[in-house]
Amino acid sequence: MKKTLFTLAITTFMAGTFLTGCQNTSKKEEAAQDNVKDARENLDDAKEELSDARKVATEDEWNAFKASTNATIAENEMRIAEMKASMKKTGKSIDEEYAEKIDILEQKNNDIKVKIETYKNDTSNDWESFKQEYNRDMDELGQALKNLTVDNK
């Protein structure tokens, strides 16, 4: 009798645990699906806010920026040409390495020029991000040009 009562109690306990466990899983699954839906909605809202936040340059702002950029690029091209001319006069064996560095700087300058020419001033491009990236690239190029002409003897 004790054995039967004990078996019945254990069976009832296991059945209760099983049913409760199954119910929790389905509730957890529903909650997870709700969380996924909420996350998707939040993502869609964030995308809309981002596209609304993107700023397009005004016509005057873009023209001034482009004129300044073209002047800086032309100045860099002149400095590179001067470096190439001075390199030809020296005739040292270091000139090959120096020429490689000049070619790399010239390519970077041309890449920046192409980036400016191909930039589309619309909401698919973020004007502020573009300006920051451009300024960083130009600072790096200017520093590289400056460092190349410094004599470290």
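Read on for a plain summary of the structure. Note that the structure is predicted; figures quoted are calculated from it, not measured.

1. A look at the overall build of the protein
Then, number 1: Looking only at helices and strands, one finds 4 helices and 0 strands in the protein.
Then, number 2: Element order for the protein, N to C, with α for helix and β for strand: α-α-α-α.
Then, number 3: Expressed as a percentage of the 153 residues in the protein, the buried residues total 16%.
Then, number 4: Counting only contacts in the protein whose residues sit at least 6 apart along the sequence, the fraction spanning at least 24 positions is 75%.

2. Side note on the packing of aromatic side chains
Then, number 1: In total, this model carries 5 aromatic pairs according to the counting rule given.
Then, number 2: Here the aromatic rings of Trp-62 and Tyr-119 are separated by 5.2 Å at their centres, their planes lie at 35°, and the arrangement is tilted. Within this pair, whereas Trp-62 is found in helix α2 (residues 59-90), its partner Tyr-119 is found in the loop between α3 (95-118) and α4 (127-149), the two being separated by 57 residues in sequence. The two residues Trp-62 and Tyr-119 agree in class, both being buried.
Then, number 3: Members of the aromatic cluster, connected to one another through ring pairs, are Trp-62, Phe-65, Tyr-119, Phe-130 and Tyr-134.

3. Quick word on the nonpolar core
Then, number 1: If you look at the biggest cluster of nonpolar residues, it comprises 20 residues, and the most contacted ones within it are Trp-62, Phe-65, Ile-102, Trp-127 and Phe-130.
Then, number 2: Ranked by residues supplied to this core, first place goes to α4 with 7 residues.
Then, number 3: The residues contacting Ile-102, other than those within four sequence positions of it, are Ile-80, Met-83, Lys-84, Met-87 and Leu-148.

4. Digging into the pattern of salt bridges
Then, number 1: On inspection of all chains with the given rule, the structure shows 8 salt bridges.
Then, number 2: Note that Glu-106 and Lys-84 form a salt bridge whose closest N and O atoms lie 2.8 Å from each other. Of this pair, Glu-106 sits in helix α3 while Lys-84 is found in helix α2, placing the two residues 22 residues apart along the sequence.
Then, number 3: For Glu-106, a relative accessible area of 28% gives the class partly exposed.
Then, number 4: For Lys-84, a relative accessible area of 27% puts it in the partly exposed group.
Then, number 5: Taking the shortest distance from any N to any O, the salt bridge between Lys-115 and Glu-133 comes out at 3.0 Å. Of the two residues, Lys-115 is situated in helix α3 and Glu-133 in helix α4; the sequence distance between them amounts to 18 residues.
Then, number 6: Here Glu-133 falls in the partly exposed class, since its relative accessible area comes to 34%.

5. Section: the environment of Asp-126
Then, number 1: With respect to the secondary-structure elements, Asp-126 resides in the loop between α3 and α4.
Then, number 2: Each C-alpha atom, one on Asp-126 and one on Ala-57, is 9.0 Å from the other, the two residues being 69 residues apart in sequence.

6. Some details on a negative patch on the surface
Then, number 1: Together, Glu-29, Glu-30, Asp-34, Asp-38, Glu-41, Asp-44 and Asp-45 make up a negatively charged patch on the protein surface.
Then, number 2: In this fold, Asp-45 is placed in helix α1 (residues 2-53).

7. Side note on the side chain of Asn-76
Then, number 1: Looking at the secondary structure, you find Asn-76 in helix α2.
Then, number 2: Asn-76 gets classed as buried once you look at its relative accessible area, which sits at 5%.
Then, number 3: Here Asn-109 takes part through its side chain, which lies 3.2 Å from a polar atom of the side chain of Asn-76.
Then, number 4: If near-sequence neighbours (up to four positions away) are discounted, Asn-76 is found in contact with Asn-109, Met-138, Leu-141 and Leu-145.

Cut-offs applied
- Residues numbered from 1 in each chain as written.
- Predicted model: local features only at pLDDT ≥ 70, side-chain atom pairs only at ≥ 80, totals over all residues.
- Heavy atoms only, no water.
- Helix = DSSP H or I, 4+ residues; strand = E, 2+ residues; numbered from the N terminus.
- Buried < 20%, exposed > 50% of the residue type's maximum accessible area, 1.4 Å probe, protein only.
- Contact = heavy atoms within 4.5 Å.
- Phe/Tyr/Trp six-rings, centres within 6.5 Å; stacked < 30°, edge-to-face > 60°.
- Core = buried A, V, L, I, M, F, W, Y, C linked by side-chain atoms within 4.5 Å.
- Salt bridge = Lys/Arg side-chain N within 4 Å of Asp/Glu carboxyl O.
- Patch = residues over 30% accessible without salt bridge, like charges linked within 9 Å, V, L, I, M, F, W, Y side chains within 5 Å.
- Areas by Shrake-Rupley, 256 points an atom, 1.4 Å probe, with all protein chains shown as cover.
- Lys, Arg positive; Asp, Glu negative; His and termini not counted.
- Charge placed at Lys NZ, Arg CZ, Asp CG, Glu CD.
- Polar contact = N/O pair within 3.5 Å; in protein donor to acceptor, adjacent residues only side chain to side chain.

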